[in-house]
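In case you want the letters, here they are:
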Amino acid sequence: LRIISFCYWREHLVIVTELLHISLFAAYRKFATSRERLRFFNARTMATLSSHMLDALAFLHEIGITHADVKPENICLVLTEPCAFKLIDLGSAVARHDLLNSYMQSRWYRAPEIMLGVPWGDKVDIWSLGCTLVEPLLGRPIFRHGSTEGVLAAQMAVLGPLPEYMRLHSPGLANMFITAGGHAYEVDPPQMTTGVYVCQPLPLRSLDHLLIEEMTPELFAASELNGFVNLVSQMLVLDPAHRTNAAQSLQHPWLAQTALQSSPLAVLSPSSAEPR
């Protein structure tokens with residue numbers, strides 16, 4: 001997002017930015033049940049979105065800033081370009097040497113290391129971006145749940161158990177979410193007696209199976225789908241030590257092979273520019 005100007009007015013900081021179009025969230029909700037969605041969220045558009053977001057994150061991470069709130073609501077289409085996306089809302093951003101806390105990122109896009117309270121870095125943005133990229137194609141958040149422990153259980157159900165070192169170095173939080181055997185549980189789930197612990201079997205489905213089974217097949221050719229799934233699979237890794245970073249993901253073969261030419265704005269009406 002480009003800042004044009006700023007000023008102070010009655011002790012308030014006013015920031016003037018470029019005018020953008022609707023958010024990615026609004027775009028996919030608009031076409032969730034329409035055939036226009038097939039024109040909008042095709043492989044070329046998703047490759048462009050991936051490249052633009054990775055480019056933005058690579059820049060932020062290079063200068064020591066973590067965005068810490070990557071999600072569909074914080075990505076906007078560019079009004080004046082046929083297929084371009086901008087990352088907005090740096091209100092939660094932290095510098096590398098800032099005091100880090102355990103309450104960062106919106107819950108559905110929150111990296112496991114943050115939920116466990118273990119040391120974290122800029123790869124939390126890569127986790128959130130992985131969640132964000134699959135959401136328009138699934139039509140819903142991939143790890144949606146009403147509680148932190150539920151989100152963590154959903155992550156483990158798809159991606160497998162947490163690395164042991166993350167549980168051991170968690171300041172007591174792992175004991176709230178993880179059984180001694182490494183399974184996830186939810187404390188006091190809704191509509192059940194207080195004190196009940198519900199164990200979540202894992203893994204329920206692999207990430208590959210989840211995406212291939214639930215994504216609209218017309219969106220991608222088989223070769224394109226495999227490349228996209230591979231890119232996202234490298235982002236959604238529970239262990240941040242083995243998770244890709246923005247600079248590495250920019251070199252992914254799928255991005256290089258997919259033509260970054262599409263016109264998503266062509267299927268948007270002027271009235272769709274209203275905010276969420």
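Scroll up to find the structure this text is about.
The structure reproduced in this document is the subject of the present report. It should be emphasised that the depicted structure is a prediction, and the values quoted were computed from it without experimental measurement. (Residues numbered from 1 in each chain as written. Predicted model: local features only at pLDDT ≥ 70, side-chain atom pairs only at ≥ 80, totals over all residues. Heavy atoms only, no water.)

## Here we look at the side chain of Ser 170
Item 1. Its place among the elements puts Ser 170 in the loop between α7 (164-168) and α8 (173-177).
Item 2. Ignoring sequence-local partners within four residues, the contact set of Ser 170 consists of Leu 116 and Val 118. (Helix = DSSP H or I, 4+ residues; strand = E, 2+ residues; numbered from the N terminus. Contact = heavy atoms within 4.5 Å.)

## With respect to the pairing of strand β1 (residues 3-9)
Item 1. Among the seven residues that make up β1, zero are buried, leaving the element largely open to the surroundings.
Item 2. Pairing of β1 with strand β2 (residues 12-17), which is carried by six bridges, proceeds in the antiparallel orientation. Looking at the pairing, Phe 6 lines up with Ile 15 of β2.
Item 3. Here β1 hands over to β2 after two residues, with Arg 10 in that stretch at a positive phi of 50 degrees. (Buried < 20%, exposed > 50% of the residue type's maximum accessible area, 1.4 Å probe, protein only. Pairing = 2+ DSSP bridges.)

## Thoughts on the packing of helix α3 (residues 43-62) against helix α5 (residues 123-138)
Item 1. The N-to-C vectors of α3 and α5 enclose an angle of 165 degrees; their axes lie 11 Å apart at closest approach. By the angle between their axes, α3 is roughly antiparallel relative to α5. When the axes of α3 and α5 are compared, the crossing they make is right-handed. Note on element contacts: α5 touches α3 through Asp 125, Ile 126, Leu 129, Leu 133 and Leu 137, opposite Met 46, Leu 49, Ser 50, Met 53, Leu 54, Leu 57 and His 61.
Item 2. Class assignment for the residues of the contact of α3 with α5 results in nine nonpolar, two polar and one charged. (Axes fitted to C-alpha atoms, helices over the stretch in contact; angles between N-to-C directions. Parallel < 35°, antiparallel > 145°, perpendicular 65-115°, else oblique. Left-handed = near helix turned anticlockwise from the far one by under 90°. Nonpolar A, V, L, I, M, F, W, Y, C, P; charged D, E, K, R; others polar.)

## Details of the side chain of Asn 42
Item 1. Its place among the elements puts Asn 42 in the loop between α2 (36-40) and α3.
Item 2. Overall, the relative accessible area of 11% leaves Asn 42 in the buried class.
Item 3. Looking at Asn 42, its side chain comes within polar contact range of the main-chain nitrogen of Thr 45, at 2.8 Å. (Polar contact = N/O pair within 3.5 Å; in protein donor to acceptor, adjacent residues only side chain to side chain.)

## What to know about the packing of aromatic side chains
Item 1. In total, this model carries three aromatic pairs according to the counting rule given.
Item 2. Pairing Phe 25 with Tyr 28 gives two aromatic rings, centres 5.6 Å apart and planes at 80 degrees, and the pair type is edge-to-face. You can see Phe 25 and its partner Tyr 28 sitting in helix α1 (residues 24-30), three residues apart, about one turn around the helix.
Item 3. Given the relative accessible area of 2%, Tyr 28 is considered buried. (Phe/Tyr/Trp six-rings, centres within 6.5 Å; stacked < 30°, edge-to-face > 60°.)

## What about the pattern of salt bridges?
Item 1. Counted by the stated rule, this structure contains four salt bridges.
Item 2. A salt bridge links Asp 69 to Lys 71, with the shortest nitrogen-to-oxygen separation between them at 3.9 Å.
Item 3. A salt bridge links Arg 243 to Glu 113, with the nearest nitrogen and oxygen atoms 2.8 Å apart. Residue Arg 243 is found in the loop between α10 (222-235) and α11 (246-249), and its partner Glu 113 is found in helix α4 (residues 112-116); the two are separated by 130 residues along the sequence. Comparing Arg 243 with Glu 113 shows no difference in burial state: the two are buried. (Salt bridge = Lys/Arg side-chain N within 4 Å of Asp/Glu carboxyl O.)

## A word on the packing of α5 against α10
Two quantities define a packed helix pair, namely the angle between the axes and the distance from one axis to the other.
Item 1. Following both chains from N to C, one finds α5 and α10 inclined at 145 degrees, their axes separated by 8 Å at the closest point. The element α5 and its partner α10 pack so that their crossing is left-handed. Between α5 and α10, the residues in contact are Ile 126, Trp 127, Leu 129, Gly 130, Leu 133, Val 134 and Leu 137 and Phe 228, Val 232 and Met 235, respectively.
Item 2. Broken down by class, the residue content of the contact of α5 with α10 amounts to nine nonpolar, one polar and no charged.

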